[in-house]
Amino acid sequence: MHIRQFLQVYLIMGSNNCIENPLYVLEQALAGGITLFQFREKGRGAKTGADKQKLALQMKELCRRYHVPFLVNDDVDLAIEVGADGIHVGQEDEPIESVRRRCPKNFIVGVSATNVQEAVEAGSAGADYIGAGPVFVTATKHDAKTPIGLEGLAEIRRLIGNTPLVAIGGIQEKNAAEVIKAGADGISVISAISGSENALTAAQQLKHQTMLTE
Ligand SMILES: Cc1ncc(COP(=O)(O)OP(=O)(O)O)c(N)n1
Ligand SMILES: Cc1ncsc1CCOP(=O)(O)O
Ligand SMILES: [Mg+2]
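What counts, and at which threshold
Residues numbered from 1 in each chain as written. Chains lettered and ligands numbered in written order. Predicted model: local features only at pLDDT ≥ 70, side-chain atom pairs only at ≥ 80, totals over all residues. UniProt positions renumbered as here; feature names shortened; annotations may be inferred. Helix = DSSP H or I, 4+ residues; strand = E, 2+ residues; numbered from the N terminus. Contact = placed C-beta atoms within 7 Å. Near = placed C-beta within 6 Å. pLDDT = per-residue confidence, 0-100. Nonpolar A, V, L, I, M, F, W, Y, C, P; charged D, E, K, R; others polar.

## Overview of the UniProt feature "binding site: Mg(2+)" (unreviewed entry) in the chain
- Using the residue numbers shown here, the UniProt feature "binding site: Mg(2+)" (unreviewed entry) corresponds to Asp74 and Asp93. Sequence-wise these annotated residues cover 20 residues; spatially they are packed, their C-alpha atoms never more than 6.3 Å apart.
- Within the fold, Asp74 resides in the loop between strand S3 (70-73) and helix H4 (76-81).
- Once residues within four sequence positions are removed from consideration, Asp74 is found in contact with Val89 and Asp93.
- Inspection of the secondary structure assignment puts Asp93 in the loop between strand S4 (86-89) and helix H5 (96-102).

## Some details on the site of ligand 1
- Inspection of the region around ligand 1 gives 16 residues, with Gly90, Ser112, Gly131, Ile168 and Ser188 positioned closest.
- Sorting the residues of the shell around ligand 1 by element identifies strand S5 (108-113) and strand S7 (165-168) as the ones contributing at least two each.

## Concerning the confidence of the model for the chain
- Chain-level pLDDT for the chain is 97 on average; 99% of the residues reach the 70-or-more range.
- For this predicted complex, the interface confidence reaches an ipTM of 0.99, while the overall pTM sits at 0.98.

## Looking at the site of ligand 2
- Within the structure, ligand 2 sits among 14 residues, and Thr138, Thr140, Gly169, Ile190 and Ser191 are positioned closest to it.
- Of the residues belonging to the shell around ligand 2, the class tally is seven nonpolar, six polar and one charged.

Following this line, the structure appears as structure tokens:
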């Protein structure tokens, strides 16, 4: 499968985002049809060291069972250590050139963009996909930039050619279809799944929305 297809419903999550056990939430989301997962262990009380590595390995094994690629946020060393399928880095993280030098050849490397210029540069630098946003207001990332809106997303789509594109930030069931219409190949969400009462149905409903415009 090509990375573009894996972007359809991309769950990002760490233990801080979950009301319930993160492994339970992840398994529910996998059963509900998420197509890609990013382990993002951040914020107050986030696991570090051996505890973080243990959770990463458990999550990777769960993802393997569902044939869903497992990516790590920011932490390139951890991604290599646990044998992840890839890494996601932002504008303030390790540069893609350096990531490529020390990761396995077939590693998926995703790069964040908060505007057109960053998106074009990430595409030229060889990102496997671009995570563009925030598209809408989000309460999940405290240092998020100003939302780019659907217009900003559509402009990025126009200017990055064929590079796979996933939208992020404030995406929920009610706006997911619009995001796909604006040109994203998929949606990435944190709270819409990990903060929901039922991660399985939340994933199913989001997936359904991404298919409405096909
Ligand atoms: C798919 C995807 N897109 C964007 C981001 C944000 O990355 P970054 O700007 O580095 O912020 P943090 O997530 O590290 O706080 C992402 N993680 N995933
Ligand atoms: C990690 C990240 N990067 C840009 S917005 C965001 C948070 C997305 O979380 P939510 O889906 O809950 O708005
Ligand atoms: Mg980052």
